Each structure stands twice: as structure tokens, then as C-alpha cells.
Amino acid sequence: MRTQITIIIIFSLTLSTMGVGGDTMYHQTSIADKIVPITVNVFVDSKFDSSINIENRLLTYNNRVYDRSRAGLGFTLNYKFQVKILPFTDKDHQDLVKALVANESTSTPNGYSFNSTAFNGGLKNDSFVPRVGTSFNAVDTVKWLYNKFQTKISTADYNLFLFNLTDVTKAGPHWFNVYPKDIDTQKLTPSFFSGTGGLNLGRQTNGWGGIQQYPLQFVDLSSVTWYGNFINTAWGSNGYYDNILTRPLGVWNRSNFTSPEFNNWINGVINTYMENLFSEPVMGQMITSDTIQVNNIIFNNWTRLYPNQSDIQWVVHDKRIQKLLSESFSWWNFNVSTQWFNLSDYRTLVNEMKSFMTYIPAEDIYLLDVSKGFLTYLETNILPLFIQHEKNTTNLPSLTFLLDKVVFSWGDLRFAGLGGMGWQLQGIQPTRVYEGINKSRGMSQVLAHEIGHSLGLPHPFNIYNMWGSDFVDSIMGYFPNGNRFSQYDFFKLGRLYSLYYKNLIDQISPTFVDNSSFQQAFSLLGLANSEFEARRFNVSALYFKAIYLTFATKDLSFVKKYISTATKTSATNTGIPTTSKNNSGIYVFMPMVLALIILRKSSKFKFFVR
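Keep in mind that what you see is a predicted model, and the values were worked out from it rather than measured. (Residues numbered from 1 in each chain as written. Predicted model: local features only at pLDDT ≥ 70, side-chain atom pairs only at ≥ 80, totals over all residues. Heavy atoms only, no water.)

**Here we look at the nonpolar core**
Among the nonpolar cores identified, the biggest contains 126 residues, and Tyr79, Phe329, Trp332 and Leu455 are the most heavily contacted of them. The dominant element in this core, judged by the number of residues it contributes, is helix α14 (residues 487-508), at eleven residues. Among the nonpolar cores identified, the runner-up in size contains 25 residues, and Ile297, Phe299, Leu368 and Phe374 belong to it. (Core = buried A, V, L, I, M, F, W, Y, C linked by side-chain atoms within 4.5 Å. Buried < 20%, exposed > 50% of the residue type's maximum accessible area, 1.4 Å probe, protein only. Helix = DSSP H or I, 4+ residues; strand = E, 2+ residues; numbered from the N terminus.)

**Brief notes about helix α9 (residues 318-328)**
For α9, the full list of buried residues reads Asp318, Ile321, Gln322, Leu324, Leu325 and Ser328. Buried residues along α9 cover an arc of 160° about the axis, so they all sit on one side. Here the buried face of α9 lies against β13 (333-342), α13 (444-455), α14 and α16 (537-553). (Arc of directions from axis to C-beta. Contact = heavy atoms within 4.5 Å.)

**Quick notes on the confidence of the model for the chain**
Here the chain averages 77 in pLDDT, while 75% of its residues score no lower than 70. When pLDDT is averaged over each helix and strand of the chain, the minimum, 32, is found for helix α1 (residues 2-18) and the maximum, 96, for helix α10 (residues 347-354). Residue range residues 1-29 is modelled with pLDDT below 50. Its contacts to residues more than four positions away, or to other chains, number 50 contacts. Per-residue pLDDT stays below 50 along residues 569-610; that stretch engages in 87 contacts with residues further than four places along the chain or on separate chains. (pLDDT = per-residue confidence, 0-100.)

**Focus on the sheet that holds strand β2 (residues 64-67)**
Strand order in the open sheet formed by six strands is β2-β3-β1-β7-β11-β10, and the pairing between neighbours is mixed. Single-partner strands in this sheet number two, and they are β2 and β10 (207-209). On average, each strand axis in the sheet is tilted by 20° relative to the strand beside it, whichever way the strands run. Where strand β7 (residues 158-163) meets strand β11 (residues 217-220), four bridges bridge the pair, whose relative direction is parallel. By the bridge assignment for β11, Phe161 is matched with Phe218. (Pairing = 2+ DSSP bridges. Axes fitted to C-alpha atoms, helices over the stretch in contact; angles between N-to-C directions.)

**What to know about unusual backbone geometry**
For Asp364, which is not a glycine, the phi torsion comes out positive at approximately 55°. Structurally, Asp364 can be placed in the loop between β14 (357-360) and β15 (365-369). Among the residues examined, Asp364 registers a relative accessible area of 35% and is labelled partly exposed. Located in the positive-phi region is Arg535, a residue other than glycine, with phi close to 65°.

**Re the packing of aromatic side chains**
Summed over all chains, the structure comprises 47 aromatic pairs. Between the aromatic rings of Phe88 and Phe163, the centroid separation amounts to 5.0 Å while the plane-to-plane angle is 50°, which identifies the pairing as tilted. In this pair, Phe88 is assigned in strand β3 (residues 78-88) and Phe163 in strand β7, connecting sequence segments 75 residues apart. With relative accessibility at 1%, the residue Phe88 sits in the buried group. Chaining the aromatic ring pairs together yields one cluster made of Phe299, Phe341, Tyr346, Phe356, Phe374, Tyr377, Phe386, Phe401, Phe408 and Phe415. Note that Lys148 overlies the ring of Phe149, its terminal NZ or CZ placed 5.8 Å from the centroid. (Phe/Tyr/Trp six-rings, centres within 6.5 Å; stacked < 30°, edge-to-face > 60°. Lys NZ or Arg CZ within 6 Å of the ring centre and 35° of its normal.)

In C-alpha cells:
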């Protein structure tokens, strides 16, 4: 009797501490059609003229609701944005300038301009011309901002800093640099686009953000880069037109900030930033299986320069891809495998490829246009040969072609990878990954990027600005710095899947209101809600899924599995630096542990801890 009383007291303490006691335990009202609030703190530089009314422009986004009802969720999901304008004072501005100047680079050379004549003439490696200016490290700038403003940004969902740093340099342009490393070679990536090379001094950008553990992003409206001219030259006719950078790039001045062009610029930046805050299933459905299987099938036709498979296996590294995915999206189990085949052994496939090819004499290459039916052929005739259907597994297969003189294209737009179809396609020439006989860059990052599309992740830029808004530290961009998904990426998917499973729980949980056997699931629900409120979406998605599976299958092993690893999981993949405000899950979990220790002594509750 005393044991039973003790059990009741500790369980009551556990549920009370979690905030799930009484009526709040069962969440009988579904989240369907409810609004999910998202806070955006915008720090506005004091150096903007008052005549610009930048604050008023930003505040027009207040209470804006984004309807995601077409996302295939099975319910309506709306995101409501609350934009808060915060000051970036004269003192803050001066401190930033001092920090930047103290670490500036003015070596000769330290940046690039773009030579469109060379690019159009096929001299891709001569397209980027070294030049001198003032460059700052983009990643270091993000870290400085976080350290200075940590107390102001720790409770916000997102934080955007807008700068006007025209006073940083007295003459000449300035910019921010990122220094991307290739996931396969661990070297600075010297290329930016298929067929280009020579970027050995880093890449210029107007801003940066989304770095894991640093919940902020900055944009400097006075900095310059070369890639606007590059975009307009290389991609403009194919729909990748950048309306921010339609003029020759120069230093913004105060008169520019009152122009219609600036109005387009700033609206594009804000729209881009908001687009980066959420996601939806690209294929119109959620991935509800526990395991995602990625079979990467490689058809090798590098017969001239690198005929031996052992010499080129480094090009796509399945274990690196699997580690990258697993660390970013912990509510799934990823299994990435690679199989190699000689393309010459598949004569029907080779003949089909030839029917889609066009020879380009000036470059001595063939363009294979996948938009004319080749994708359909692959999906219908090739993919089924390599897909193994297993229970509770989603297949996201990939086809990688190593081709000597063939480049994949969509019309006349050339690409290295294509995703978002529920499978991925890559086409690689030796010159893409080798400089002479030396390893230049592999394609693991490209494959992970395409898998990201199939998971539901977009590019970190929008239709307003395209590459001109690619200021995010994510492999989902065309302008990545590292080999990782950004904080925004796992916020997007983690929040989405948390809400998806939470909605299913809300619908099914009233069935178990009077069933004491499922109290442990409700206890975990309290912890899941705590993790969600702290924006540890990877963890909350994992817990909500376990709770739903417990209710749906009446199998308590799902809850047991995740409770046993709760403290370990909640300490990783959070996306936000740990602060005193975000540790509630650990304290909530302690009374549950005590309860489980005592419950284990009772034969009545032994099924909890099998």
C-alpha cells in the first residue's frame, strides 16, 4: 500500500512538473486550423536614414499569416509572423566596425570580379579575376553578433541584422568572405559552378547566417560581390534572373537607400528571410517511416582518364552523407549505400541516353536534355531494378552517372544534380572533380543537397532574389560555406514533423484518457512539448512520433525506447546554444526517472520497462 501511494505521489509530481496534469494532459483540441506563432527580431542599423522608413516597411510583415494548407499534411497549418524592430545603435555600429576592421583583410589580391567575356567565350577558369578590396570573414561576423547580442536573441525564433556599413572603408568596395570546404577532399572548394574554377581566395557574399548553434543572420546592404553579374550572365535566360543585382555592382550610398531599387532589394531580403523559416513536403506527403533508405546507383563510364573504380570511389562517399543526414534530422534512421556498375553493360540504357543527346562542336561535348522524357524513362525502367521494398522504410534512390563527354541539362540549362522527385539524379564529368590528376572536389555534397529536396527542403533563396539572397550556411544553397544543413533546415523540418505528429496525437489521445497504462506516454508528451517550446525541434519530433506510435499501435515499447535515451538526445542537435532558459527538459525528466525506478519494483507496472 505504501508503495502504491509513493507511486501515485511521484507520478503526480512528474506530470505536474511537466505541465501535463489535469485538463492539459490530453490536448483534446486539435492544432488543425490553429496559428503557429513565429517571432522575428530585426535589428536595424542606426545608419539608415529616417526618410527610408525601413521600420515601417518591416512592420508590414507583422501578423502576416502563411497558409500551408496545400502541404499535404492532412490539416491546415498556418504560420503567423510577429516582427519586432530592435535598435542597432550608434555604439553597436561603432563596436561592429572596430571588430571588422581589426580582422580585415586587405592583402593583394583578396577577392574577385567577374569576367563575363571570358565566361561566354568558354574560358570558365578565367571567369573570376582577382582584385583588391576590403574583405571580412562572414562566419566570424556571425559569431561576434551572437556573443554581443546573446541576451537579446536567446528567446526569439529568428534574428535578422540589417546593416549600412558605408563608413567601414574610406575608398573602394568591401565584402564578406566565406571559405567553403569540400566534404570529400576537405580542401577549399575552388569552383562555384559547373565548369568554373580558380576561386582560391574564398567567395564573396552580402551577408551570412543559419550557422548551427548561432540563431541569427545578417545582411550588409553596402557590401558588394561578383556573383550578381555571374548570375545575370550564366543563368538569366533560364529563369534565375536576379532583380536585386541588375546594375553593375557598386557601393551603396545614402541616395540609393531612397530609390525604388532599394525598395525592391529590401522587400526581397525580407521575403527571402521569411521563406527560409518553414518548409513543406515537396512530394505532397509526409515521410512517416522510421528508416530512409538511399541506394546510390553509380553507372561508371569514365573510360579514358580514370578507368579503375578504386581510383574514383572517393567521388561519392555514402558514410559521410549518412552521417550528415543523421546528425541533422534525428527522428529518422538513414541508411545510405552505394553500388557501382559499368554503364557499358546496360546497352538499352546507353541507347536511350543517345536519343536525348545533342552534340556541341565548340566544346566537344554532348548535352543530354532530361526534360524530354529521359526522367520518365529512368523512373519507369531503371529505378525499379534497384529499389528494395522493406517494411517501415522509405526509399529515396539516386542514380549517378560518371560520364566522359556528356553533361546533363534541362533544356540548355546545365546541372550537376537534380532532386525533389522522390529520387535523385547526378551527372559528373572528370573535369568537375579533378584538376589534372589531382582531386578537386567530390559530389557527396551535391547528392546530400538533392536528398534534402526529397525530404522537403527548398533552396535558401526565393523567386524574388534567387542567388542574390543565398546568405545561408546550408548545403541546400548554391553558395554554401560548410558541408552541413543549416539551423533553418532542421528548424523547418523539425517543426513541421513535430506539429504533424502532435496533431495526430491530439486526435487519438482522448481514447486513452481513462487508461492508466498509457500514463508514461502522456509523461513523455509533457517532455515533448517542453522541447518544442524550447525550439529543440529535432528532439520534439522524435518524442511526438514515439508517442503517436504508442497510441496508434498500443505498443509501449516506442515510449520506453525514447524515454531511456531522453537526456542523451535532448543534449544534441538542438540548433540553439544551451542557455538557462532552454534546460527545462532535463529538470522535467528527473522526477520521471525517479518514478520509473520505483515503478520497476511494482509487478503491476513491469510492462513499462521491458
